[in-house]
Amino acid sequence: GLWRLDSSMKSIQTTASGNGVSDDTPFLQADLNQLAKSTEPTRLWLPRGVYRIRRPLTFRAPAVATEIDGDYSAITPGILGKAVPGALASLLRLSVPAGAGPFKLTRLTLNGSGLPTKTFIAQAGIEVTGGSSSTMVLENVLAYLCQVGYAMFRCDGFSARRCRATECERAGWALSGGVWAAPLRVDECSATDCDADGLWCA
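Definitions and limits used
- Residues numbered from 1 in each chain as written.
- Predicted model: local features only at pLDDT ≥ 70, side-chain atom pairs only at ≥ 80, totals over all residues.
- Heavy atoms only, no water.
- Helix = DSSP H or I, 4+ residues; strand = E, 2+ residues; numbered from the N terminus.
- Phe/Tyr/Trp six-rings, centres within 6.5 Å; stacked < 30°, edge-to-face > 60°.
- Buried < 20%, exposed > 50% of the residue type's maximum accessible area, 1.4 Å probe, protein only.
- Expected span 1.5 Å × (residues − 1).
- Arc of directions from axis to C-beta.
- Contact = heavy atoms within 4.5 Å.
- Core = buried A, V, L, I, M, F, W, Y, C linked by side-chain atoms within 4.5 Å.

A. Representation of the environment of valine 21. For valine 21, the position within the fold is in strand S2 (residues 19-23). Taking the C-alpha atoms as reference, valine 21 lies 7.9 Å from glycine 78; in sequence the two are 57 residues apart.

B. Up close: the packing of aromatic side chains. Under the definition given, this model contains 2 aromatic pairs. Arranged with centres 4.0 Å apart and planes meeting at 10°, the rings of tyrosine 150 and tryptophan 173 form a pair that is stacked. One end of the pair, tyrosine 150, is in strand S11 (residues 148-153); the other, tryptophan 173, is in strand S14 (residues 171-176), and 23 residues separate them in sequence. In this pair, the class of tyrosine 150 matches that of tryptophan 173, namely buried.

C. Seen up close, helix H1 (residues 25-36). Relative to the 16 Å expected for 12 residues at 1.5 Å per residue, H1 spans 16 Å between its end C-alpha atoms, a close match to the ideal helical length. Three or more residues of H1 are buried, namely Thr25, Leu28, Gln29, Asp31, Leu32 and Leu35. Seen end-on, H1 carries its buried residues on one side only, within an arc spanning 160°. Buried positions along H1 lie against S2, strand S3 (42-45), strand S4 (50-53), strand S5 (57-60), strand S6 (66-77) and strand S7 (88-96).

D. Structural view of unusual backbone geometry. In the Ramachandran plot, aspartate 71 falls in the positive-phi region, its phi being about 50° despite a non-glycine side chain. By secondary structure assignment, the location of aspartate 71 is in strand S6. Of note, leucine 145 is a non-glycine position whose phi angle comes to about 55°, a positive value. When its relative accessible area of 5% is taken as the criterion, leucine 145 is described as buried.

E. Representation of the nonpolar core in the model. In terms of nonpolar packing, the biggest core is built from 45 residues, with Leu105, Leu138, Tyr150 and Met152 touching the most fellow members. Looking at which element gives the most residues to this core, the answer is S7, with 5 residues. Among all residues touching leucine 105, those that are not within four sequence positions of it are Ile68, Leu92, Leu94, Ile126, Val137, Leu138, Glu139 and Val141.

Have a look at this one:
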């Protein structure tokens, strides 16, 4: 079964507004930096809302168990001026070193357009690099209107469950690299209405 964090974890709430208007980039990044420095099992909670960003958010998993719980919130571009396809390299970048503790990302929508029309501002909804002997889980994550929904590099040992890629321009899932010492497990996941590939592997 998939690893689940227990209720005894330390919980911190984002300092970002999630009001769908403000630039939440610096606040979300500060929260992720704090989570990355955790020395005890910690969960970052994003109360339900729309979080607009102007540059990719980055997180490096620490040696202890961590979780990001989006509570079905959306992260989406908040680019100033005319929106240009591909202007934002990604919405969220996760780096998982070999010694990282268990990690879980759950209940989050990554909307790569941020506009009513298909603009594909984000090149990737989520980029994940690396793998760990600990359990790594993506669960109930939606990548929507991105050029690539999930870009996963060398992600040995990851589990994705009930994750969806919808209306992505190039590929819903792009998987590459890895020694495959532990399998990448994909359960109840989908890629629908993508303009090119649902699943692309190298």
